[in-house]
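# Chain and residue survey
Each chain, written out:
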Amino acid sequence: MQILLYNELNPAAITGFAKWRSFMEADDLKSADVKKIGDNLYRARLNRSDRLLLAFYHYQGERYALVLEYLKSHDYQGSRFLNHGVVVDEDKIPPLEYLPEDSPSLAYINPQHGRFNLLDKIISFDETQQAVFNLRPPMVIIGSAGSGKTALTLEKLKACPGDVLYVTLSSYLVKNSRDLYYAHGYDNPQQHVDFLSFQEFLESIQIPVGKPINFREFADWFSRLPRPAIKDAHKLFEEFKGVLTGPSVETAYLSREEYLNLGIKQSIFLEDERAAVYDIFSRYLTFLQETNRYDSNLLSHRYLKRVEPRYDFVVVDEVQDLTNIQLFLILKALRDPTGFLLCGDSNQIVHPNFFSWSKLKSLFYTHGELQGDTDLIRILSTNYRNSPQVTALANRILLLKNARFGAIDRESNYLVHSNGHVQGDVVFLQDRDNIRRELDAKTRTSTRFAVVVMHAEQKAEAQQHFNTPLVFSIQEAKGLEYDNIILYNFLSSEAKRFHEISKGVSHADLQQGLSYARAKDKTDKSLETYKFYINALYVALTRAVRNLYWIEADAKQRLLDLLGLDNALDTLNLDNQGSSHADWQREAHKLELQGKQEQAERIRREILQQQVPDWEVYSGATLDALHHQAIQSNDKKARLALFEIALVYEDRQFLHDLLLAEFKPARHPDNGLKQLQQKYYLPYQAKNPVALRNQLNKFGVDFRNPFNQTPLMVAAWLGNSTLVQELTERDANTALIDNNGFTAFQIALQQASKDEKYARQHLGSIYQQLEPDSLSIQIDGRLLKLDKSSMEFFLLNLLIALFYRIIPNNLVKKGAFTTQAIIDAVEHFPNNVLAPQRKQRAYLSSILSKNEMSRVDRYNRKLFYRLRQGHYTFNPTLMLLVENNWVNIYDLLKIDKLAYRPENMTTWWDNRHQEYWDNELAQGRAYLYQELQRVRTLLLNDALAMLKILCEQELHKIRDN
Ligand SMILES: Nc1ncnc2c1ncn2[C@@H]1O[C@H](COP(=O)(O)OP(=O)(O)OP(=O)(O)O)[C@@H](O)[C@H]1O
């Protein structure tokens, strides 16, 4: 057997490793003392106290033992791979006698290299990947889709200490990469990583005023222009982004003269159209201003003055999707201008954005600190995702592109080898009724088949034949992957253009391989547009992991022949393909995260047949209306509803109002609670929650009950870990809030802080599922993402959860949150939720004071305001991103709702001495309001004074000139 070692392990530091290794290599399991402790997880004994964790795999007939972790002194508790709290009773486990027969196989193992890397899965880098991994930044990694760029960059990122940024355009990719980085409990105290979308990166410099403009809004505005000389909104939008505002880093946008003088290959519009384009562009600038929208290129240019160097290392993924100015802005955030790694694939550009690797290089040499001929670029050419059959076809497209247009630059000039661990097929089909019917009938309910067309307008036609909700235009398909892709009339819809593209190219040209030569016709004005069509085709078919079903009405097109597709089948026989309800729910969720709302909604409507509940959900305005109706008019139904809400949210004011209105049940909240349980919450406590599952299927996983709670919130409230698990598997949204402003996670923290049994028995098993990845906050007008791995994330969530419970009783003494209150709240939290060192008084006090808003500290998140010594409340200017809206913390948590709970009283509705305490608390609340207002005024005055100084400086400058 062969032994591979996790790349972060140092064998020299593992006592007894060499001896143990020799036992394993000789397949002597007995001497190596191996015992199975989990799913493909084994422990081996090195000596009396130290252990190794391993897993077995095979690859190409060979067996491998992969050493994952070195556990000193039986430290199973500290393992990344074991559930915290797990007890491994070694004496009770028999030693392993034979190697497991069913060990999983790996897609690839590099026999030259005794190491492996680990993200969500084991990765053994091939020689090229390994060579890149060993390089020092700066570097640029180019590779086809599925060549391991993201995997490699993330591994590279882990090796960089300090403040690190991972940034890319798509927020879905950001989430994915973040999950890969933290997979299997990865933790690196040497670095602080921000995972940001480009939009978030802009917001982290300063939250812009207004909203970013998107194509839909642009097209809407454009359609209202009186008789514009240019008709194509999409093309214009691309020109504005890619030509007028994107490329230059010196000016925000090209002047009319500069634009009119652009070379023939620098614009997608002909010379005689450009004056009209510029006229529309001028109006576009006014439109942006008038509607409070911003263009991210123009904003990037403005932010060049504002961005500060704050990162030691930056990774930019999918760099080809960014414009020069956007990239330039990102790199200006570097402390050392050479600390970057960019990766991308110019063949995947489906916008005419004039990107080329050589232009990118010149950006660094002209504006960056790079000198001479630093060899920045590395190419990855093995594909680990697509089947060899799909890769072979993709390669022919690259050859054709090269033969027709020449190399755009040397760096885009490479073919791809398939790793070949998945096999598939390319099936070329005639566009006939029987074929479409067969495909539709067999695949319409499968999440593994998607239809791709060239233009958005073609989707309607495709949808007449294919009933799957998974129909995408090429713009939408970018970044997606499916086992099977149906390419529908991709060429026939643009037959003329593809005919142009294939003109003058022969089979012999494609035999010659790639050559680095310029395009045959240098004045070819349509090059950039054609490049878009050929790239679109490349992107479309590389979405197929295994099989491609390519249907064309005109199967005799020259380009098809060049690709070796000369014999279209006119019959097809497929096996029935179908996916489960849960698969479709997951698919809808995934598409939603990727911003593909249209397809996600179709899945929900047509496949999941989701409905909107027929009951009223009370929150915000509907709750106010209910209150009015219940109290002002003698409406029994409304009174009962308000009573139930009072019980759910422990709202003393509502209860009080109902008592005054002589609603009798309000005198006996305990009876009311019992009925409430029966009426609403029993399904959540059932062992086999059939009724609840029916509701989930009917209304979706995040439906709201009348009290504005989602099923996940209720499950968290009850501490029902089986249900939390089931809901998380159905992708329940952890970011939603109830009427208290609490997420399911905060509800669990609140319960655990007041109930020892809950904390000990339930919190540990639901915590990770409920915990959102991060919390976005706004401080000093800038976005900050508090990652869940940080203590600030934990503390802020905890204090939000404790707000209504802790603050009132302290406020009557003019106090707020104290370290002691936090210690009491987390006392029974298990160690996997909060490590013992994080429960220590000194540590908790240091986190509170480090994040006090006036404290000078590089990592101060300014979360808290010190009301008096040892007493903290939230910074009054703190904003949180809640359900996609920025909300001030004191609009989320309402000071008016604070209610005093005397310690000697057993229930929250006990109203003895209420008047006295209400009075006391009213004074406390007035004090808190006053204090917060004072802080806001101080900050405002400071800001005004600063503004005055800046204005005066500017005035002086103007006068001096
Ligand atoms: N050496 C390897 N051995 C096995 N699997 C690998 C290897 N390198 C990459 N992979 C896997 O191949 C898949 C594609 O990798 P990755 O997503 O990093 O590619 P990419 O180049 O970023 O693709 P895209 O441009 O489409 O985003 C991933 O599942 C990754 O784990």
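Residues numbered from 1 in each chain as written. Predicted model: local features only at pLDDT ≥ 70, side-chain atom pairs only at ≥ 80, totals over all residues. Heavy atoms only, no water.

By the naming in an unreviewed UniProt entry, the protein chain goes by UvrD-helicase domain-containing protein and is assigned to Thiothrix lacustris.

## Thoughts on the UniProt feature "binding site: ATP" (unreviewed entry) in the protein chain
Here the UniProt feature "binding site: ATP" (unreviewed entry) sits at Gly143, Ser144, Ala145, Gly146, Ser147, Gly148, Lys149 and Thr150. Within the element layout of this structure, Gly143 appears in strand S8 (residues 139-143). Overall, Gly143 belongs to the buried group, its relative accessible area being 0%. Once you skip the residues sitting within four places of it in the chain, Gly143 turns out to touch Lys149, Gly344, Asp345, Leu380 and Tyr414. (UniProt positions renumbered as here; feature names shortened; annotations may be inferred. Helix = DSSP H or I, 4+ residues; strand = E, 2+ residues; numbered from the N terminus. Buried < 20%, exposed > 50% of the residue type's maximum accessible area, 1.4 Å probe, protein only. Contact = heavy atoms within 4.5 Å.)

## Quick notes on the site of the ligand
Lining the immediate surroundings of the ligand are 18 residues, of which Lys121, Ser124, Lys149, Thr150 and Arg385 lie closest. Look at the ligand: alone it shows 630 Å² of surface, and the protein chains cover 86% of it. Per-element tally for the shell around the ligand: the top contributor is helix H4 (residues 149-158), with three residues. Residues of the shell around the ligand, tallied by class, amount to six nonpolar, eight polar and four charged. (Near = heavy atom within 4 Å. Areas by Shrake-Rupley, 256 points an atom, 1.4 Å probe, with all protein chains shown as cover. Nonpolar A, V, L, I, M, F, W, Y, C, P; charged D, E, K, R; others polar.)

## Examining the packing of helix H25 (residues 636-648) against helix H26 (residues 652-660)
H26 packs onto H25 with a crossing angle of 145 degrees between their chain directions and a minimal axis gap of 8 Å. Regarding H25 and H26, the two cross each other, and that crossing is left-handed. For the pair H25 and H26, contact is made by Arg639, Leu642, Phe643, Ile645 and Ala646 and by Phe654, Leu655 and Leu658, respectively. (Axes fitted to C-alpha atoms, helices over the stretch in contact; angles between N-to-C directions. Left-handed = near helix turned anticlockwise from the far one by under 90°.)

## Digging into the packing of aromatic side chains
Applying the stated criterion across every chain yields a total of 47 aromatic pairs. Ring centres of Trp221 and Tyr284 lie 6.1 Å apart, and the angle between their planes is 55 degrees; this geometry places the pair in the tilted category. Of this pair, Trp221 sits in helix H7 (residues 215-223) while Tyr284 sits in helix H10 (residues 274-291), placing them 63 residues apart in sequence. Like Trp221, the residue Tyr284 is buried in the burial classification. Grouping aromatic residues by their ring pairs yields a cluster made of Phe215, Phe218, Trp221, Phe222, Phe237, Phe240, Tyr253, Tyr259, Tyr278, Phe281, Tyr284 and Phe287. Above the plane of the ring of Tyr259 lies Arg274, whose end atom (NZ or CZ) is 5.7 Å from the centre. (Phe/Tyr/Trp six-rings, centres within 6.5 Å; stacked < 30°, edge-to-face > 60°. Lys NZ or Arg CZ within 6 Å of the ring centre and 35° of its normal.)

## Considering the sheet that holds strand S6 (residues 115-118)
One open sheet accounts for seven strands, arranged S2-S3-S4-S5-S1-S6-S7; its pairing is mixed. Two strands in the sheet have a free side with no partner beyond their single neighbour: strand S2 (34-38) and strand S7 (122-123). Two strands pair when backbone bridges link them, and strand S3 (residues 41-45) and strand S4 (residues 51-59) are joined in this way by four bridges, in the antiparallel orientation. Residue pairing for S4: Ala44 is matched across the bridge by Leu52. (Pairing = 2+ DSSP bridges.)

## A short note on unusual backbone geometry
Residue Pro138 is reached from Pro137 by a cis peptide bond, and omega for that bond is 5 degrees. Summarising the element assignment, Pro138 is placed in the loop between helix H3 (127-134) and S8. Look at Asp27: it is not a glycine, yet its phi comes out positive at around 55 degrees. With respect to the helices and strands, Asp27 occurs in the loop between helix H1 (17-25) and helix H2 (29-32). Using a relative accessible area of 43% as the deciding quantity, one classes Asp27 as partly exposed. Phi angles above zero are rare outside glycine, and Asp731 is one such case at about 65 degrees. Tracing the sequence through the fold places Asp731 in the loop between helix H30 (721-729) and helix H31 (744-754).

## Points about the packing of helix H11 (residues 296-303) against helix H12 (residues 324-331)
Interaxial distance between H11 and H12 falls to 9 Å at its minimum, and their mutual angle equals 35 degrees. For the pair H11 and H12, the sense of crossing is left-handed. Contacts between H11 and H12 pair Ser296, Asn297, Ser300, His301 and Tyr303 from the former with Ile325, Gln326 and Leu329 from the latter. For the contact of H11 with H12, the residue count by class is three nonpolar, five polar and no charged.

## A short note on the pairing of strand S5 (residues 62-71)
Across the 10 residues of S5, eight count as buried, placing the element largely inside the fold. Two strands pair when backbone bridges link them, and strand S1 (residues 2-6) and S5 are joined in this way by four bridges, in the parallel orientation. Bridge pairing in S5 places Ile3 opposite Ala65. Both S4 and S5 contribute to a ladder of nine bridges, which runs antiparallel. Looking at S5, one finds that Tyr57 is bridged to Tyr64. In sequence, S4 turns back onto S5 through a hairpin of two residues, with Gln60 there showing a positive phi of about 45 degrees.

## Side note on H1
All of the buried residues in H1 are Phe17, Trp20 and Met24. Down the axis, H1 shows its buried residues gathered within 65 degrees of arc, on one side only. Summarising the geometry of H1, the exposed residues directed more than 90 degrees from the buried face are Ala18 and Lys19. Close packing links the buried residues of H1 with S1, H2, S2, S3, S4 and S5. At the C-terminal side of H1, Asp27 shows a positive phi close to 55 degrees. (Arc of directions from axis to C-beta.)

## A short note on the sheet that holds strand S23 (residues 774-779)
Strands sit in the order S24-S23-S27-S28 across an open sheet of four strands; the sheet is antiparallel. Two strands bound the open sheet, and with one partner strand each, they are strand S24 (782-787) and strand S28 (885-888). Strand-to-strand twist in this sheet, taken as the mean axis angle between neighbours without regard to direction, amounts to 35 degrees. Along the sheet, helix H33 (residues 791-811) makes contact with S23, S24 and strand S27 (879-882), crossing S23 at roughly 85 degrees.

## A look at the nonpolar core
Ranked by internal contacts, the top residues of the largest apolar core, which has 109 residues, are Ile777, Phe794, Leu796, Phe803, Phe829 and Phe874. Of the residues forming this core, the biggest block, 15 residues, is contributed by H33. In contact with Ile777, other than residues within four places in its own chain, are Arg782, Leu783, Leu784, Leu786, Leu796, Arg861, Leu863, Leu878, Met879, Leu880 and Trp886. In terms of nonpolar packing, the next biggest core, distinct from the first, is built from 93 residues, Phe201, Leu304, Leu491 and Val505 among them. (Core = buried A, V, L, I, M, F, W, Y, C linked by side-chain atoms within 4.5 Å.)

## Quick look at the pattern of salt bridges
Taken as a whole, this structure holds 51 salt bridges when the rule is applied. Across the pair Lys503 and Glu500 runs a salt bridge whose closest N-O atoms are separated by 3.0 Å. The exposure class of Glu500 is partly exposed, given its relative accessible area of 27%. Ionic pairing is found between Glu792 and Lys850, a salt bridge with its closest N-O pair at 3.2 Å. Here Lys850 lies in helix H35 (residues 841-850) and Glu792 lies in helix H33, a separation of 58 residues in the sequence. (Salt bridge = Lys/Arg side-chain N within 4 Å of Asp/Glu carboxyl O.)

## Looking at a nonpolar patch on the surface
On the surface, Leu940, Leu944 and Leu947 cluster together into a nonpolar patch covering about 310 Å² of accessible area. Looking at where Leu940 falls in the secondary structure, it is placed in helix H37 (residues 914-960). With a relative accessible area of 56%, Leu940 lands in the exposed category. (Patch = residues over 30% accessible without salt bridge, like charges linked within 9 Å, V, L, I, M, F, W, Y side chains within 5 Å.)

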